[in-house]
Every structure is written in structure tokens, then in C-alpha cells.
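Read off the chains here:
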Amino acid sequence: MAKLIDGKGIAAEVRADIKKRAAEFAAETGVTPGLAVIIVGDNPASQVYVRNKKKACEDVGFYSEVIEMSGDTTMPELLGKIEELKNDSRVHGILVQLPLPKGLDEDAVIAAIPPEKDVDAFHVVNTGRIMLGDFDFLPCTPAGVMKLLEHEGVDVSGKECVVVGRSNIVGKPQAMLLLHANGTVTICHSRTKDLAEVTRRADILVVAIGKADFITGDMIKPGAVVIDVGMNRREDGKLTGDVDFATAEPVASLITPVPGGVGPMTITMLLENTLTAAKRSVK
Ligand code: NDP
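Conventions adopted
- Residues numbered from 1 in each chain as written.
- Predicted model: local features only at pLDDT ≥ 70, side-chain atom pairs only at ≥ 80, totals over all residues.
- Heavy atoms only, no water.
- Near = heavy atom within 4 Å.
- Polar contact = N/O pair within 3.5 Å; in protein donor to acceptor, adjacent residues only side chain to side chain.
- Areas by Shrake-Rupley, 256 points an atom, 1.4 Å probe, with all protein chains shown as cover.
- Nonpolar A, V, L, I, M, F, W, Y, C, P; charged D, E, K, R; others polar.
- Helix = DSSP H or I, 4+ residues; strand = E, 2+ residues; numbered from the N terminus.
- Buried < 20%, exposed > 50% of the residue type's maximum accessible area, 1.4 Å probe, protein only.
- Contact = heavy atoms within 4.5 Å.
- Expected span 1.5 Å × (residues − 1).
- Core = buried A, V, L, I, M, F, W, Y, C linked by side-chain atoms within 4.5 Å.
- Pairing = 2+ DSSP bridges.
- Right-handed = clockwise from strand over helix to strand, strands pointing away.
- Axes fitted to C-alpha atoms, helices over the stretch in contact; angles between N-to-C directions.

J.: Is there a simple way to think about the site of the ligand in this case?
T.: The ligand sits among 22 residues. The nearest are R166, S167, S190, K211 and T266. S190 is positioned with one of its side-chain polar atoms (N or O) 2.5 Å from an oxygen atom of the ligand. Within the backbone of V229, an N or O atom sits 3.4 Å from a nitrogen atom of the ligand. Here the ligand loses 73% of its free accessible area of 930 Å² to cover by the protein chains. Each residue belonging to the shell around the ligand can be placed in one class, and the counts come to ten nonpolar, ten polar and two charged.

J.: Looking at this model, I keep getting lost on the environment of D17. Mind explaining?
T.: Structurally, D17 can be placed in helix α1 (residues 7–29). Placed 37 residues apart in sequence, D17 and K54 show a C-alpha to C-alpha distance of 18 Å.

J.: Is there a simple way to explain the side chain of T274 in this structure?
T.: As for its position among the elements, T274 is in helix α10 (residues 263–281). With a relative accessible area of 0%, T274 lands in the buried category. Residues contacting T274, with those up to four places away along its chain left out, are P33, G34, L35, F62, H92 and V119.

J.: What should I look at first to understand α1 in this one?
T.: Taking 1.5 Å as the rise per residue, α1 with 23 residues should run 33 Å; its terminal C-alpha atoms sit 32 Å apart, in good agreement. For α1, the full list of buried residues reads G7, I10, A11, V14, I18, A22 and F25. Where α1 is buried, its residues touch α6 (140–151) and α10. Where α1 terminates, the next one or two residues include G30, which has phi positive at roughly 75 degrees.

J.: Help me out: how do you make sense of the nonpolar core in this one?
T.: For soluble globular proteins, nonpolar side chains are generally found buried alongside one another. Formed by 53 residues in total, the largest nonpolar core has its most connected members in F62, L149, L178, I204, I227 and V229. With eight residues, α10 is the single largest residue contributor to this core. When residues no more than four places from it in sequence are discounted, the contact partners of I204 are L149, V154, V156, K159, E160, C161, V162 and V225. V207, I220, A248 and I255 belong to the second largest nonpolar core, which has 19 residues in total.

J.: In this structure, what is going on with the pairing of strand β3 (residues 63–69)? I would like to understand it.
T.: If a strand is regular, its side chains alternate between the two faces of the sheet. Pairing between strand β2 (residues 34–40) and β3: seven bridges, direction parallel. Following the sheet pairing, V40 is matched in β3 by M69. One crossover worth recording links β2 to the parallel β3 by way of helix α2 (residues 44–59), and it is right-handed.

J.: Is there a simple way to think about the pairing of strand β5 (residues 160–164) in this case?
T.: Counted residue by residue, β5 has four buried out of five residues, so it is predominantly covered. The sheet contact formed by β5 and strand β6 (residues 184–188) spans five bridges and is parallel. Within β6, the position partnered with C161 by the bridge is V185. Between the parallel pair β5 and β6, the chain is carried across by helix α7 (residues 171–180), and the sense of this crossover is right-handed. Across four bridges, β5 lies against strand β7 (residues 204–207) in parallel orientation. By the bridge assignment for β7, V164 is matched with V207.

J.: Mind showing me how you'd approach the sheet that holds β5 here?
T.: Hydrogen bonding along the main chain pairs the strands of a sheet, whether they run parallel or antiparallel. Read from one edge of the open sheet, six strands run β1-β11-β8-β7-β5-β6, paired in parallel fashion. Either end of the sheet is taken by a strand with one partner, and the two such strands are β1 (3–4) and β6. When β1 meets strand β11 (residues 254–255), the two strands line up parallel, connected through two bridges. Bridge pairing in β11 links K3 to L254. Helix-sheet contacts for α7 involve β5, β6 and β7, and the interaxial angle to β5 is about 170 degrees.

Structure follows, in C-alpha cells:
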């Protein structure tokens, strides 16, 4: 039986620490860290994510602003808003909630966010700096995974690490962070031949594919650490991961549940990035 990694509890601990550090920073400098989130259109899932981000900011004493723009917003209007926020000294982090409605160019929007306010770490400058191992911000989900491993005392150095999924926001940066931590890293994707043969080699298995309960216990090495990034909505409305918890849990040594595993760490790392951006703004 695996030990559960309590992402919710760990996130609460880290957030309390962020709140303390933000208060100390504000007392020293008079600067309150601030995050602005732009949401375009009325995607219900995005609205929930944005509400959660605002609440998380308020809970740690940050300034927070949500800019709601209508679904028919044009690129010049959206870029104009980013330009305004770029020059707003209360705002240290700018986040544009993705996906954007059709017709808006996500790449151009990400490129318009100044790298020093890019707390999602999606800008090409920040992406490149992650590759070099010289970064201010890390993408929130992979950074949250590393924080969970660190909290659980998992030493990545020398371990066989397998990341399933190669998206720009999760899989690729996750692999890079494990590599920086001296793991021996393999990245799998939809064209990987004999996926189970690769996943069974993993001491640390991180799964981010977006397919409910896809990785089963027989694909896991006994005693492996299993991190499930997936968030899939079942027909009955329940949230489930990419790992089949029922068959994986008896095989793994440590495992994240869904919900309550990686999810709560993602917003926590956004708060951490916003604090970092605020600190850098006064340097
Ligand atoms: P993407 O859809 O962008 O990427 C999915 C990746 O999985 C692709 O690289 C794809 O391969 C790979 N893949 C798909 N099917 C298979 C398969 N059968 N075998 C092996 N690899 C496969 O997803 P994201 O990275 O954005 O998200 C992944 C999951 O993580 C989703 O469930 C998402 O909801 C969740 N998520 C959770 C977050 C959190 O805070 N917990 C944050 C972000 C995402 P290929 O490149 O070949 O197509």
C-alpha cells in the first residue's frame, strides 16, 4: 500500500509560508505583491480557475485583479490591456487564462507579456531560461510536482524518471526539472512504442496525458513514486487522474491522489512566482 502524498496539506503549508514572506517583504519595502488575471469569454472551467486564483491571492494578502473581457474581444484590445498592466506598478504578475476563444492568437498574447511579469512562465524567454537552468519562474504545475517530491524527501538524483506527456506547459518542463535534479529522464508520448515497458522502468513516474485512469498498476514498477498530473472529468462529474488509482496504489510506494494531489500545488506555485516577481521589481 502506497503512502498518499497530501497535496492539499502541503499546499496549505507552503501558502502559509508565502503569506509570511509576503508580509515581511511588504513591511520592508512597502510593496504588496500583485497579480492580474485576464479572462476572455465565458468558459465555465476557466471562470472557476480564475476565481480560485483570486481567492488564493487574497488569502495570502496579495493585491489581485481580475479583468473580464467579452468573448468577442479583438487582439488589439487584448494586447492593449496587457500593455496597461505592463505599466501598472501594483501588478507584478500578469496571467492570461487559457484557452482563449477562437480567433485570438495565444502565442502572440503570451509573447506580449513582459518576461519579468510572466508568472505562468510560458514566455519563450522564461522557457529558454528553464532549459539553461537559470530561471526566476518555473511553470506552476511542474514546479509544484518538484515541491511535492522535495517535501516527501524523494531524492531524484540518479533515479530513473519517466514523464508521460510532452506538452509545453507540463511534460517538457517537468522533464527538464527532473534532469536539473540529476534524474535520468525519459519522455513518453502518443508515439512511444511499448509504453508499459518504459513506465515499468521508472523509480519516479510523472503522468500528464489527459486520459482518465490510463496508467494501470501493471505498468508501474513495485515501489515507484507515482505523480498523477491528470485532471479528467468523468461522466458522473467526478474528477479523476490519468493513473488508475485502484490498481496503482497497491504497487507504488508514494502516490498523489486526484483530486488533492498536484492540483492544489499549481496555484500555490503561481503565488510563489508572483512573490518572486514582486521581489525582483524592487531590485
Ligand atoms: P496536452 O493535451 O497538451 O498533452 C498531452 C500529452 O500526452 C501529449 O504530449 C500527448 O502526446 C501525450 N499522450 C496522449 N495520449 C497518450 C498515450 N496514449 N500515450 C502516451 N502519451 C500520450 O495536455 P497537458 O499537458 O496540458 O495536460 C495533461 C493533463 O494534465 C490533463 O489531464 C490536464 O487537465 C492536466 N493538467 C493538470 C494541471 C494541474 O494543475 N493538476 C495543470 C495542467 C494540466 P503527443 O505529444 O504525441 O500528442
